[in-house]
Amino acid sequence: TSTLQSQSAGFIITNSLDGSNPVYSFVAQFKAYIGDGTAGYGFSFNFAPDLPNGVIGVDGAGTGLSIAFDTYNNGVNDIIGINLHANGSLLTSQPFGGLRAGWVDVVVILHPDGNLDVFYDNYHAYSNQYTGLPLPITGGRFGFGANTGGLADNHLIDNLSITTFTNLGPFVDYWYPLGSPVWPKSPISLVLNDYVTSVDTNTIVLNLDGAPVVPTVLTQAAPQTTVQYTPPTALAYGSTHTVSLT
């Protein structure tokens with residue numbers, strides 16, 4: 001939406017990412033922007049098999065997962081913050097006043113055990129939050145929604161990336177650092193969690209900016225494996241880097 005009043009919007013990925021294969025988990029990453037107006041009303045990220053073609057709104061739609069990044073308290077099961085809806089009802093809320101911060105990184109991770117992580121810039125809103133979703137979900141669709149009323153803001157999405165998983169293998173349970181700014185000497189840490197099958201630690205490959213590096217610490221305390229690496233020299237201020245773990 002733009003900063004005009006009384007707008008409603010929806011963006012839905014209508015083609016199936018996985019055909020008829022059931023989805024056990026996913027990682028969604030995108031840039032989000034809220035601002036330039038009068039703080040109304042926010043946007044939502046959604047995943048559900050019954051997501052409608054059309055307007056969704058800030059509170060989401062469907063009977064799957066909806067995460068509302070809400071900048072206005074309308075007094076009805078609502079707060080200014082990040083509200084989590086699952087199975088068609090409000091599950092929990094996390095107050096947060098930093099939603100209108102310009103362009104930020106947002107990451108949503110649904111684990112195969114049904115738990116959820118939500119990162120908004122440097123804020124870890126939910127960590128292994130139980131959702132009760134009936135996984136796997138077949139025919140699920142992803143979408144965004146937003147709306148304005150008497151108050152309005154720009155609600156913008158960019159650089160959307162969604163990776164779905166159709167098996168019950170190990171998954172990334174947590175990683176650090178995330179967002180910006182990051183201390184130039186920050187260690188890189190990733191926690192893997194076993195599920196039906198286990199991580200083979202002999203096969204772990206860690207890359208920094210596309211080049212393989214050797215983790216300085218590799219520990220395992222079932223069901224988790226922790227992979228850590230500290231760059232030998234500080235990274236340049238203002239620089240951007242990528243980490244991949246295979």
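The structure presented is a predicted model; accordingly, all values stated were derived computationally and were not measured.

Participant: In this structure, what is going on with the layout of surface pockets? I would like to understand it.
Facilitator: Over the atoms rolls a probe the size of a water molecule, and in doing so it shows where empty space is left. Each pocket or cavity is described by its volume, and for the second largest pocket that value is around 170 Å³. What lines the second largest pocket is Thr 1, Ala 9, Gly 10, Phe 11, Phe 43, Phe 144, Gly 145, Ala 146, His 155, Leu 156, Ile 157 and Leu 160. Contributing elements (two or more residues each) for the lining of the second largest pocket: strand E1 (8-12), strand E10 (141-147) and strand E11 (154-165). Counting residues per element, the lining of the second largest pocket draws most heavily on E11, which supplies four residues. Of the residues assigned to the lining of the second largest pocket, the class counts are eight nonpolar, four polar and no charged.

Participant: What is the right way to read the pattern of salt bridges from this model?
Facilitator: A side chain of one charge can pair with a side chain of the opposite charge if their charged atoms are brought near each other. Summed over all chains, the structure comprises two salt bridges. Its salt-bridge partner being Asp 153, residue Arg 100 comes within 2.7 Å of it at the nearest N-O pair. Taken together, the residues span a long stretch of sequence, with Arg 100 in the loop between strand E6 (89-95) and strand E7 (104-110) and Asp 153 in the loop between E10 and E11 at a distance of 53 residues. Residue classification places Arg 100 among the partly exposed positions, given a relative accessible area of 38%. In this structure Asp 153 comes out as buried when scored by relative accessible area, which is 0%.

Participant: Help me out: how do you make sense of unusual backbone geometry in this one?
Facilitator: In terms of backbone geometry, most residues other than glycine have negative phi values and most peptide bonds are trans. Of note, the amide linkage connecting Gly 40 to Tyr 41 takes the cis form, showing an omega dihedral of -10°. By the secondary structure assignment, Tyr 41 is in the loop between strand E2 (25-35) and strand E3 (42-48). Between Ala 222 and Pro 223 the backbone carries a cis peptide bond, its omega angle lying at 5°. Assignment of secondary structure puts Pro 223 in the loop between strand E16 (217-221) and strand E17 (224-229). Positive phi outside glycine occurs at Asp 36, with the angle close to 80°.

Participant: So what exactly am I meant to see when it comes to the sheet that holds E3 here?
Facilitator: The strand order across the open sheet formed by six strands is E1-E10-E3-E4-E5-E6, and the pairing between neighbours is antiparallel. The sheet is open, and its two edges are formed by E1 and E6, each paired on a single side. Ignoring which end each strand starts from, the neighbouring axes of this sheet average 15° apart. Sheet analysis places strand E4 (residues 65-70) next to strand E5 (residues 81-86), joined by six bridges and oriented antiparallel. Considered in E5, the bridge of Leu 65 is made with Ala 86.

Participant: Sorry, what's going on with a nonpolar patch on the surface here?
Facilitator: On the surface, Phe 11, Ile 157 and Leu 160 cluster together to form a nonpolar patch covering roughly 240 Å² of accessible area. For Ile 157, the position within the fold is in strand E11.

Participant: Even after reading the chapter, I still don't get the packing of aromatic side chains, so can you show me in this structure?
Facilitator: Two measures describe an aromatic ring pair: the distance that separates the ring centres and the angle between the ring planes. One pass over the full model with this rule turns up 18 aromatic pairs. Summarising the aromatic geometry, the rings of Phe 30 and Phe 144 are spaced 5.0 Å apart at their centres and angled 85° between planes, so their arrangement reads as edge-to-face. Of this pair, Phe 30 sits in strand E2 while Phe 144 sits in strand E10, and the two are 114 residues apart along the sequence. Classification of Phe 144 as buried rests on a relative accessible area of 8%. On the basis of an interplanar angle of 40° and a centroid distance of 6.1 Å, the ring pair of Phe 45 and Phe 142 is categorised as tilted. Of the two residues, Phe 45 sits in strand E3 while Phe 142 sits in strand E10, which places them 97 residues apart along the sequence. Exposure remark for Phe 142: the relative accessible area of 4% places this residue in the buried category.

Participant: Before we go on, may I ask you to explain empty space enclosed by the protein in this structure?
Facilitator: If you walk through the whole model with that rule in mind, you get one cavity of 30 Å³ or more. Here the largest cavity defines a volume of roughly 80 Å³. Ser 16, Leu 17, Asp 18, Val 23 and Gly 140 are the residues nearest the centre of the largest cavity, which is lined by 14 residues in total. A breakdown of the residues in the lining of the largest cavity according to their chemical character gives five nonpolar, seven polar and two charged.

Participant: In this structure, what is going on with the nonpolar core? I would like to understand it.
Facilitator: What tends to happen in soluble globular proteins is that the nonpolar side chains get buried as a cluster. By size, the foremost hydrophobic cluster in this structure holds 33 residues, and its most contacted members are Phe 26, Phe 45, Ile 67, Phe 69, Ile 82 and Tyr 120. Taken together, the elements giving at least two residues each to this core come down to E2, E3, E4, E5, E7, strand E8 (115-120), strand E9 (123-130) and E10. At five residues, the largest contribution of residues to this core is made by E2. In terms of nonpolar packing, the next biggest core, distinct from the first, is built from 14 residues, Val 107, Leu 208, Val 213 and Tyr 229 among them.

Calculation notes
Sequence order as written defines the numbering, with residues in each chain counted from 1. For a predicted model such as this one, the threshold for reporting local features is a pLDDT of at least 70, and the threshold for listing and counting side-chain atom pairs is 80 or more; totals across whole chains, interfaces and linings nevertheless cover every residue. The basis for every side-chain value is the complete set of non-hydrogen atoms in the structure, without hydrogens or water. Only protein atoms enter the 1 Å grid used here, on which a cavity is any set of points holding a 1.4 Å probe that cannot leave and a pocket is any open set flanked by protein within 12 Å on both sides along at least five of seven lines; residues with an atom within 4 Å of a point are listed as lining. Grid points are joined across faces, edges and corners, and a volume is the space filled by probe spheres set on the points. Where helices and strands are cited, they refer to DSSP runs of H or I of at least four residues and of E of at least two residues respectively, numbered from the N terminus. Amino acids are sorted into nonpolar (Ala, Val, Leu, Ile, Met, Phe, Trp, Tyr, Cys and Pro), charged (Asp, Glu, Lys and Arg) and polar (every other residue, Gly among them). The salt bridge definition used is simple: a Lys or Arg side-chain nitrogen within 4 Å of an Asp or Glu carboxyl oxygen. Only protein chains enter the calculation, and the probe is 1.4 Å; a residue is then buried if its accessible area is under 20% of its type maximum, exposed if over 50%, and partly exposed in between. We treat two strands as partners when DSSP finds at least two bridges between them. Here an axis means a line fitted to C-alpha atoms, over the contact stretch when the element is a helix, while the angle between two N-to-C directions is reported on a 0 to 180 degree scale. Like charges are joined within 9 Å and nonpolar side chains (Val, Leu, Ile, Met, Phe, Trp, Tyr) within 5 Å, but only among residues with over 30% relative accessible area and no salt bridge; these make up the patches. Note that accessible areas follow from Shrake-Rupley with a 1.4 Å probe, and for residues the cover is restricted to the protein chains shown. Aromatic pairing here means that ring centres of Phe, Tyr or Trp (its six-membered ring) are within 6.5 Å. Orientation follows from the plane angle: under 30 degrees is stacked, over 60 is edge-to-face, and everything else is tilted. What we call a nonpolar core is a set of buried Ala, Val, Leu, Ile, Met, Phe, Trp, Tyr and Cys residues that are connected through their side-chain atoms within 4.5 Å.

That is the geometry; function is a separate question.
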